[in-house]
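Geometric and topological summary
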Amino acid sequence: MELKDKLVSSFLAFENTIDVDSSVHDIRSEAIKRFEMQGFPSKKEEAWKYTSLKNVLKHDYSIFPKEGNAIEFKDVKKYFIHDIDTYKIVFIDGMYSSHLSETTHDKIDVCLMSSALTNDKYKAVIDNYFNKVAKEDGLTSLNTAFSKEGAYIHISKNQLADKPIQILHFSTGSEAAQMLQPRNLIVVDENSHVQIIERHQSLTNNPVLTNSVTEIFADKRAIVDYYKIQNDNENASLIDNTYIEQQGQSIVSVHTFAFGGNITRNNLNFYQKGEGIDSILNGITIIEEKQHVDHYTLVHHTEPNCESHQDYKGIFDEKATGVFNGKIIVNKEAQKTNAFQSNNNILLSDKATINSKPQLEIFADDVKCSHGCTIGQLDDSALFYMRARGIGEKEAKALLMYAFANNVLESVKIPQLKSRINKLIATKLNVDIGFDL
Amino acid sequence: MLEIKDIHASVEGKEILKGLNLKVNAGEVHAIMGPNGAGKSTLASVIAGKEDYEVTQGNILLEGEDIEELAIEERAHKGIFLSFQYPVEIPGVSVTNFMKTAINETRKAKGLEEMPAKDMLKMIREKSELLEIDRKFLSRSLNEGFSGGEKKRNEIFQMAMLEPKLAILDETDSGLDIDALRIVANGVNKLKTKENAVIVITHYQRLLDYIVPDFVHVLHNGKIVKSGTKELALELEEKGYDWIKEEVKG
């Protein structure tokens, strides 16, 4: 059976596991209809021109979370940022792991979507925010239809989350092939601040397809820093759909570190709904072999005096392929918008590819918008210079690549995370450089 | 120290060095002068091992060892240092971090442990004082936005840090005002010992007032056509290169 048919026909079975008499379930029922109509995207769609899901969709995925698989912390410790105190929301094969998690209800709510969707205490927030900013495309609708579990984070007014929050999804490979659809809701009220680190990690080489949806609401003057670490196994594919709605003077940054996996697609959408907003989208992509990473970003400026800053760096080796599609819309009312976008790429091999496409739709006349894209190789004269000072070729190349990605790395605000990313890059480049840039 | 025997080298099929011979002993300073296009910078690049240049004939011996097969960095590890005519800008890598990496890579190649951070800092402090380099300067990206003089001072600072056996200074005087020239020359002179050697490549005599050579060679059309002592440099300054060209023809 085709995956689409399997999913649609499984919806009835899914309904047996949940409360169908809720307003959320009406949303799910609508969503499955949309998915049935739209299905998965194909390369015929402009937005999916360079990313084909064909090979990813052919596996016979088990589509429900798998209960009963435990993992020892020591076996997965390396995937955590473990040298600082954090809240943790951990899932194993789509099921919550209380053993590995550390949640809280003290002033802030860091807990589970499954509780939030069923517990009356959270009803007001769910009614206000659930599925309110997510789009109605096929993949998002599919996730909405099966939405049951994920991270629920609510930082109420004037609160500073006292430590970063890690969201981790492990897949144990107990199934021959597994599809996961986590659903996260993050609501940050006025004047509040939170830092979140998210990672999807497959522990075997069995195929995994994750279709994740995250909705983030940043109210007035809220600050949200979101870090995505994507360094998965060769048969793990990720479609990340993130939707962010910002109110006046809020600052939201999303860093995406894409270092591995099979196919990774990041649909990152920012919707500005007030004045004086700043949206920051940063990314470092370093991939090789046949890996594929597609960053598909949207920033929608609707009000005056807002900013957006996009800085994506990509390094592609062997037969790796990258896509950057950055869309910026500036409404007629959004005067004095400053929107910047830059996408710089290095191709290390003749067979590596990057498709980079800025899309600017500007309807206001008093704005500053700039975009720039570069594609190049490592500078030979710089390599000669460094080698002439005794730095080996491999290390010299690595140093140049570090330097290339450095300004994005510099903007990571959690030092331990920054040093972890540094190490990941060093491992990736197979070098041991004795300092943190 | 260095012995170059009948070296022929070409770039993109064009022969630039056409049978060049040169012998440099430890403790000596040699100046190589010559008109534009004579092959001076090519000689520097060939000794350093730049891969764009193909050595078609001849040998380069460093302390008796043929270095022809050695990679650029391996030559650096053996003590060859090239001060670039145009130092390359490397945004995102600070002078300090670059130096730490260069020194530790060289130590690693020699089977030594990394230099302890404390010693490294001490060395950086001493050597930067020698070149009158401001400490703030060391945390800036390497060569990025440096003035001509700053770049050259930084080259000699790196030379001081790496303590090479053979330093080749390629047009180190170009783009320097007189004060910077003095600082750079002073730095080179202080680093000079009986155990190391310096090759100064220059178009003009000016630098040789400060770094006094034991021997002066004139490079023309890919060969050394005349050698002498420092008086030869003065003669070239006065008379230009045309008489050499004539002499070669004759």
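The shown structure was predicted, so the numbers you read here are calculated from the model rather than taken from an experiment. (Residues numbered from 1 in each chain as written. Chains lettered and ligands numbered in written order. Predicted model: local features only at pLDDT ≥ 70, side-chain atom pairs only at ≥ 80, totals over all residues.)

1. Side note on the overall build of chain A
Convention followed: Here a helix means four or more residues in a row that DSSP labels H or I, a strand means two or more in a row labelled E, and each is numbered from the N terminus. Every radius of gyration here is taken over C-alpha atoms, with the globule rule written as 2.2 Å times N^0.38, N being the number of residues. Our exposure labels follow a C-beta count within 10 Å of each residue's own C-beta, placed from the backbone: buried means 20 or more other C-beta atoms, exposed means 12 or fewer, and partly exposed covers the counts in between. Residues are defined as contacting one another if the C-beta atoms placed from their backbone atoms lie within 7 Å.
When helices and strands are counted, chain A shows ten helices and 20 strands. For 437 residues, the compact-globule estimate of 2.2 N^0.38 gives 22 Å, and chain A sits close to it at 21 Å. Along the longest, intermediate and shortest principal axes, the C-alpha atoms of chain A span 70 × 55 × 45 Å. Burial statistics for chain A: of 437 residues in total, 50% are counted as buried. In chain A, the proportion of contacts linking residues at least 24 apart, taken out of those at least 6 apart, comes to 83%.

2. Describing the confidence of the model for chain B
Inclusion rule: Values of pLDDT, the confidence the predictor places in each residue, fall between 0 and 100.
Taken over all residues, the pLDDT of chain B has a mean of 92, while the share at 70 or more is 100%. Both scores are given for the predicted complex: the pTM is 0.88, the ipTM 0.95.

3. Points about the interface of chain A and chain B
The following threshold applies: Three classes are used: nonpolar for Ala, Val, Leu, Ile, Met, Phe, Trp, Tyr, Cys and Pro, charged for Asp, Glu, Lys and Arg, and polar for all others, with Gly counted as polar.
Facing 20 residues of chain A, the contacting portion of chain B comprises 24 residues. Secondary-structure elements contributing two or more residues to the side of chain A that touches chain B are α8 (380-388) and α9 (393-410) of chain A. Residues belonging to the side of chain A that touches chain B are distributed by class as follows: eleven nonpolar, five polar and four charged.

4. Looking at the environment of A:Glu46
Residues and elements named next belong to chain A. Turning to its location among the elements, Glu46 is positioned in the loop between α2 (23-38) and α3 (54-57). For Glu46, a count of 9 C-beta atoms within 10 Å corresponds to the exposed category. Separated by 34 residues in the primary sequence, Glu46 and Phe80 have C-alpha atoms spaced 37 Å apart.

5. Here we look at the nonpolar core
Nonpolar side chains in soluble globular proteins tend to be buried together. In plain terms, the rule: Note on definitions: a nonpolar core is a set of buried residues drawn from Ala, Val, Leu, Ile, Met, Phe, Trp, Tyr and Cys, linked by C-beta atoms within 7 Å.
Core analysis: the largest hydrophobic core is formed by 164 residues, its most contacted members being B:Ile168 and B:Val200. The leading source of residues in this core is α9(A), at ten residues. Excluding residues that lie within four positions of it along the chain, B:Ile168 makes contacts with B:Ala44, B:Ile47, B:Phe81, B:Leu82, B:Ser83, B:Ile199 and B:Ile201.

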